[in-house]
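In case you want the letters, here they are:
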Amino acid sequence: MTLTPGETEGHVTELLAALESVDADVVLTSPGLEVDSLRIVERLNAFAERRARARFVSSLGDEVYASLLKEVDAMVGNSSSGLIEAPSFALPVVNVGDRQRGRVRAGNVIDVGHARDEIAAGLVQALDPAFRRGLAGLANPYGDGHAAPRIVRVLRELELGPRLIRKRFTDVGSVG
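Residues numbered from 1 in each chain as written. Predicted model: local features only at pLDDT ≥ 70, side-chain atom pairs only at ≥ 80, totals over all residues. Heavy atoms only, no water.

*Asks:* What am I meant to see in the side chain of N140 here?
*Replies:* Relative to the assigned elements, N140 resides in the loop between α6 (129–133) and α7 (147–157). Here Y142 takes part through its backbone nitrogen, which lies 2.7 Å from a polar atom of the side chain of N140. Setting aside its immediate chain neighbours within four residues, N140 contacts L83, I84, E85, P87 and S88. (Helix = DSSP H or I, 4+ residues; strand = E, 2+ residues; numbered from the N terminus. Polar contact = N/O pair within 3.5 Å; in protein donor to acceptor, adjacent residues only side chain to side chain. Contact = heavy atoms within 4.5 Å.)

The following block contains the structure:
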């Protein structure tokens, strides 16, 4: 949620208040190792325990996580996954705060501040069917998920020989 000590509690409070205002099923996942991550886990778990339509899962694994991204209506948080993986699923993302500031993003990302009303407004936009329809054909700026086969093809076609291992040095001036 935050990289700044002392702000985590307030940010989590605002996020959970915004999620409380949405009539939807909510899946919460653990944050990465960051400032106050244990306290974030406690708060997310407590939210899920008191809300019938919420579940807290510490880890989903890659396959289940990708399957979930394919099925959910929106992602909320500040994870890089909203910028990197979510565009491949044309998944609306409400990106909270400035943790991902300056990173390349696709049109699925709705940037909001930490206040509950901003997060809730971002969720309303993300859940609007017209917004989702507008993401049809969205290109992921981080690739299409098929880099490995392309790399294998190039390596298979590449002529191996001494020219690949010979280092060329150009005259850049003398050192010393």
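*Asks:* How do you make sense of the nonpolar core when you look at a structure like this?
*Replies:* Burial of nonpolar side chains together is a common tendency in soluble globular proteins. By size, the foremost hydrophobic cluster in this structure holds 26 residues, and its most contacted members are L19, L28, F47 and I119. Counting residues per element, the ones that place at least two in this core are α1 (8–20), β1 (26–29), α2 (37–50), β2 (54–57), β4 (93–96), β5 (109–112) and α5 (116–127). Per-element accounting of this core gives the leading share, 5 residues, to α1. Among residues more than four places away in sequence, those in contact with L19 are V26, L28, F47, R51 and L123. (Core = buried A, V, L, I, M, F, W, Y, C linked by side-chain atoms within 4.5 Å. Buried < 20%, exposed > 50% of the residue type's maximum accessible area, 1.4 Å probe, protein only.)

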